[in-house]
Amino acid sequence: WGENCTSVSLRPEKLRRETPVDDLAVTFNATVEEYLFLGNIIQYSVRAESGRSLMFQEHRGPNVPILARGKVLTLTFSILDARPVFDGVRGAGLL
C-alpha cells in the first residue's frame, strides 16, 4: 500500500479468535475491556498491545466461551479484508 498508508480499516466481524490458516493472516494480542450481548452476537471492546482500542464480534453458541474483562487473547484477520487508510489523502482509503 505504500508509505502513505498509516493504518487499516477493518469490519468488526472480520476479526477472529482463530489460528492463522495462511500467509495472508495478520495476528496481534489484545486485552478484553468490555463486552455487550446483541442477541446471538457478542461484541467485544479490546485494547491492542499498541494501545489502540477496537471492536470485534463473535456469534454466541454453546461452545463459544464468553471472554472475561482483562483476558488477553490473540486476534487474527486476513489482509484481504483490510482497507488502507492514507495519511493526508482525503477519501483515498474508501471503496
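Just so it is clear, the structure is predicted and the values come from calculations on it, not from any experiment. Sequence order as written defines residue numbering, which begins from 1 separately in each chain. In keeping with the predicted nature of the model, local features appear solely for residues at pLDDT of at least 70, side-chain atom pairs appear and are counted solely at 80 or more, and the whole-chain, interface and lining totals rest on all residues. To get the side-chain values, take all heavy atoms of the structure and skip hydrogens and water.

Trainee: Break down the pairing of strand S4 (residues 53–59) for me, with residues and values.
Mentor: A pair of strands counts as paired when DSSP detects no fewer than two bridges linking them. Each helix is a run of H or I in the DSSP string that is no shorter than four residues. Each strand is a run of E no shorter than two, and both are numbered from the N terminus. Two elements, strand S3 (residues 41–48) and S4, share seven bridges in a ladder whose sense is antiparallel. If you follow Ser-45 over to S4, its bridge partner there is Met-55.

Trainee: Give me the sheet that holds strand S2 (residues 25–38): which residues, what numbers.
Mentor: The sheet built from four strands is open, its strands ordered S4-S3-S2-S5 with antiparallel pairing. The open sheet terminates on both sides in strands that have one partner only, identified here as S4 and strand S5 (72–78). Here the strands of the sheet are splayed against their neighbours by 50° on average, with no regard to which way each runs. When S2 meets S3, the two strands line up antiparallel, connected through eight bridges. What sits directly across from Phe-37, in S3, is Ile-42. Every angle, taken between N-to-C directions, lies between 0 and 180 degrees, and every axis is a line fitted to C-alpha atoms, over only the stretch in contact when it is a helix.

Trainee: Hey, could you go over the packing of aromatic side chains for me, with residue numbers and the actual values?
Mentor: Two rings from Phe, Tyr or Trp (for Trp, the six-membered ring) form a pair when their centres sit within 6.5 Å of each other. Planes less than 30 degrees apart are called stacked, planes more than 60 degrees apart edge-to-face, and all others tilted. This structure, assessed with the given rule, holds four aromatic pairs. Centroid distance Tyr-44 to Phe-56: 5.0 Å. Interplanar angle 15°. Geometry classified as stacked. Of the two residues, Tyr-44 sits in strand S3 while Phe-56 sits in strand S4, which places them twelve residues apart along the sequence. Connected via pairs of aromatic rings, a cluster forms that spans Tyr-35, Phe-37, Tyr-44 and Phe-56.

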